[in-house]
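Given next are the chains, with one letter for each unit.
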There are 2 protein chains.
Amino acid sequence: MATTGVTAPAGFSAAGVTAGIKQSGKPDMALVVNNGPRFDAAAVTTRNKVVAAPVKVTRDALNNGTLTAVVYNSGNANACNGRQGDLDAAEMQEATARELGVKPSEVAVCSTGLIGDLLPMDTIRAGISKLGENLGDNGNLAAEAILTTDLVAKEAIVSRDGWSVAGMAKGVGMMAPSLATMLVCITTDAVVSSAVLDSALRDASGETFNTLDIDGATSTNDTVVAMASGASSVQPTSQEFAEAVTELCEELSRLLQADAEGVTKRVVITVEGTADNAQALNAARTIGRDNLVKCAMFGSDPNWGRVLAAVGMADAEMDPEKITVSFNGTPVCIDSTGAPGARDVDLSGADVEVLVDLGTGGPGRASVRTTDLSYSYVEINSEYST
Amino acid sequence: MATTGVTAPAGFSAAGVTAGIKQSGKPDMALVVNNGPRFDAAAVTTRNKVVAAPVKVTRDALNNGTLTAVVYNSGNANACNGRQGDLDAAEMQEATARELGVKPSEVAVCSTGLIGDLLPMDTIRAGISKLGENLGDNGNLAAEAILTTDLVAKEAIVSRDGWSVAGMAKGVGMMAPSLATMLVCITTDAVVSSAVLDSALRDASGETFNTLDIDGATSTNDTVVAMASGASSVQPTSQEFAEAVTELCEELSRLLQADAEGVTKRVVITVEGTADNAQALNAARTIGRDNLVKCAMFGSDPNWGRVLAAVGMADAEMDPEKITVSFNGTPVCIDSTGAPGARDVDLSGADVEVLVDLGTGGPGRASVRTTDLSYSYVEINSEYST
């Protein structure tokens, strides 16, 4: 039975095991291995100035544009652990390289979980041996083992004529993950250079993961890694490849949004009528991060006044007297004034589309995906480290 | 029995009545009148690009630096109501002026409540008559009548030798109020020019209301108005006066923070070790707005890793390896690494002090007041307009 995840493309094997890092006894280590014949790789990592030790290791490993494997642990972020954290991340890399018989610089490391506790290295070392013993067509198990507060494993695949690109993800958001860290691993059996892979990954992340904004927070550990085995012997054009990667990342973003912490509403906020797309994105993000808007969504309350109050603080040009807002296609505010029946719009469903026109007549347009702010979000995030 | 609020300084009268705007039947209109002999005035209003009709009226009224009165209503913000909203705010101003026998340009107007519903003008007109009939030493009643989801009336007074400055407030935050709008009215019987009043008000607001940040939102209606009657015949120096105003605003800020929506923790976040105070303020605000930090505070969880993850995204220079964090005076993170016993720090009390040093050795320092993110905050804000 073929997996739909990272081992679906030819040339990849994976493992997911319970090493014992999590007190819950759930799977907590994963390994994804590229068996070649090619080893092109690329990565996008956090923009946070506070960077976890594994991210430093991964950035260095990507210097030559190739990777053989990515090793993961969940339950501990190995962030803010000082010199010992750096040494532990390096040892995690070296132990995995030894297990696979490759150079340490061919292994990327990703960690997710609580910040500020040292990794239990005996557990990690034993886990790496176990991962080596369990390598196979186990994308699904790997996708399970990287989860923290996620409720479901998140995998996707985009198949083309003779090749495919697939991925697994955990967490929520790239520029704005919820609880620590979004991690994504993408595999493909297409023949692509690391330059093409890097370009496709950066463009796709900008359009998808970077417009997923659950709570405005950004992790110290965010990492998206892509590896290409070339095992299909098919070489798509750069454009064909980029389109497939974007389609995959779009699907993974949708899955991340749907499994965000405490989510009861999936909200897409689109802003148009700005001078350029960057201003539209700023404005959409400002609305998407506004706790009052997010609470109104939780209450299925068509409180469009909060959308105006939020967008009025955005770093975007607007005509404050000409703003229009629609909820799920129904105009609720026209020329910055309530539309008839606006308070009666039904937002009881799980999906809400918010469309805002800032009234400048410009061609700018952008969307962000976000969620509501629920009791569960508060519950999950007030009980995490203890 | 003297009030401690806006009618405490000589030369002021006030009223607070139930006009019938709020369905709850609670008081919902207020009037503060300066009986002279001087009428110097100043105001600070919202930085939001979307500006409520009463704020436009108030800005115009302040053009000549004098005011005789401020009329308030709660329960309806008169924001985003288009041309009719502007007409209604003007009529509210004119009717009050007629009631008092002064020019409309001598009256400021403040509204707070739901955005996007037209003011019930018959109710407003009757309310203004009732306010006129009830003018007296009623600062306390006025302070009650401007509340929305506030739990308690908020008044303060600073007394000096022969003169005083007093105030009333509702809502939460100036740059970042919680549920619609912070309104403040400040009265003094000192002899001060409108220029001195304006300068003192702006400086004090910058230090106090502008560093009160509950949820990052900023209302369309925020207004702080100050009126000076000169009735004490005492003319303090500009510095003496400014110090008294700052002391008053500091106390009102403390009261606003303590009554923020759903608050269970009063959190003061101080950042130092930056190149200048502006960077420190940016960093403190970034931490104070981080929902993960705020949820951890709600859970009394000394999760300092979230502080580092939050501040790493701030627009401020830092040494990512040299950040220190203390909770209530106990170091929890030194050189960006957990301190011994950090997880055991007791945050169960209602007050939490967070001190962060960003490690650049610079002299910058700034604080913001914020609160935790609780179930109650979500409850209040998901049930407001319906």
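- Going by the annotation in an unreviewed UniProt entry, the name recorded for chain A is Arginine biosynthesis bifunctional protein ArgJ, with Corynebacterium appendicis CIP 107643 given as the source organism.
- The record in UniProt for chain A states the following under Sequence similarities (unreviewed entry): "Belongs to the ArgJ family."
- Quoted verbatim from the Function (unreviewed entry) field of UniProt, the annotation for chain A is "Catalyzes two activities which are involved in the cyclic version of arginine biosynthesis: the synthesis of N-acetylglutamate from glutamate and acetyl-CoA as the acetyl donor, and of ornithine by transacetylation between N(2)-acetylornithine and glutamate."

### Some remarks on the overall build of chain A
Right, on to step 1. When its secondary structure is counted, chain A shows 10 helices and 15 strands.
Right, on to step 2. The C-alpha atoms of chain A give a radius of gyration of 22 Å, which matches the 21 Å a tight globule of 386 residues would have.
Right, on to step 3. Referenced to the eigenvectors of the C-alpha coordinate spread, the extents of chain A come out at roughly 70 × 50 × 40 Å.
Right, on to step 4. A buried classification covers 60% of the 386 residues belonging to chain A.
Right, on to step 5. Counted over contacts in chain A with a minimum sequence separation of 6, partners at least 24 positions apart contribute 80%.
Right, on to step 6. When the accessible surface of chain A is summed, it comes to about 13,000 Å², and 48% of that surface belongs to carbon and sulfur atoms.
Right, on to step 7. Of the side chains in chain A, 27 bear a positive and 48 a negative charge, and the two mean positions are spaced by 3 Å.

### Observations regarding the domain arrangement of chain A
Interface size, as often reported, equals the accessible area lost upon joining of the parts.
Residues and elements named next belong to chain A.
Right, on to step 1. By the assigned domains, chain A splits into domain 1 (12-259) and domain 2 (266-384).
Right, on to step 2. Each of domain 1 and domain 2 has a C-alpha centre, and these two points are 32 Å apart.
Right, on to step 3. Taken together, the contact pairs 19 residues of domain 1 with 16 residues of domain 2.
Right, on to step 4. Summed over both sides, the interface between domain 1 and domain 2 buries roughly 1,500 Å², with carbon and sulfur atoms accounting for 50% of that surface.
Right, on to step 5. With its nearest N and O atoms 2.6 Å apart, the salt bridge here joins Glu250 to Arg369.
Right, on to step 6. Linking domain 1 with domain 2 are six residue pairs in polar contact (both at pLDDT 80 or more), by the criterion used here.
Right, on to step 7. Elements supplying a minimum of two residues to the side of domain 1 that touches domain 2: β5 (107-114) and α6 (238-258).
Right, on to step 8. Here the element with the most residues in the side of domain 1 that touches domain 2 is α6; it accounts for five residues.
Right, on to step 9. Along the lines of polarity and charge, the residues of the side of domain 1 that touches domain 2 split into seven nonpolar, eight polar and four charged.

### Some remarks on helix α5 (residues 194-207) of chain B
The α-helix winds at 3.6 residues per turn, so residues separated by three or four positions along the chain end up facing the same way.
All names here are of chain B.
Right, on to step 1. The end-to-end C-alpha distance of α5, which contains 14 residues, comes to 20 Å, matching closely the 20 Å that a straight helix rising 1.5 Å per residue would cover.
Right, on to step 2. Of all the residues in α5, the buried ones are Leu197, Ala200, Leu201, Ala204 and Ser205. The buried residues of α5 occupy an angular sector of 125° when projected down its axis, which confines them to one face. Away from the buried face of α5 by more than 90 degrees, exposed residues Ala195 and Glu207 are located.
Right, on to step 3. Tucked inside the fold, the buried residues of α5 contact β3 (40-45), β8 (183-188), β9 (223-228) and α6 (238-258).

### Some points on the pattern of salt bridges
Right, on to step 1. Applying the stated criterion across every chain, the model contains 30 salt bridges over all chains.
Right, on to step 2. When salt bridges that share partners are traced, they join Lys56(A), Asp86(A) and Glu321(B) into one network.

What counts, and where the lines are drawn
- Residues numbered from 1 in each chain as written.
- Chains lettered and ligands numbered in written order.
- Predicted model: local features only at pLDDT ≥ 70, side-chain atom pairs only at ≥ 80, totals over all residues.
- Heavy atoms only, no water.
- UniProt positions renumbered as here; feature names shortened; annotations may be inferred.
- Helix = DSSP H or I, 4+ residues; strand = E, 2+ residues; numbered from the N terminus.
- Rg over C-alpha atoms; globule rule 2.2 N^0.38 Å.
- Buried < 20%, exposed > 50% of the residue type's maximum accessible area, 1.4 Å probe, protein only.
- Contact = heavy atoms within 4.5 Å.
- Areas by Shrake-Rupley, 256 points an atom, 1.4 Å probe, with all protein chains shown as cover.
- Lys, Arg positive; Asp, Glu negative; His and termini not counted.
- Charge placed at Lys NZ, Arg CZ, Asp CG, Glu CD.
- Domains from an automatic or database assignment.
- Buried area = accessible area lost by both parts, 1.4 Å probe.
- Salt bridge = Lys/Arg side-chain N within 4 Å of Asp/Glu carboxyl O.
- Polar contact = N/O pair within 3.5 Å; in protein donor to acceptor, adjacent residues only side chain to side chain.
- Nonpolar A, V, L, I, M, F, W, Y, C, P; charged D, E, K, R; others polar.
- Expected span 1.5 Å × (residues − 1).
- Arc of directions from axis to C-beta.

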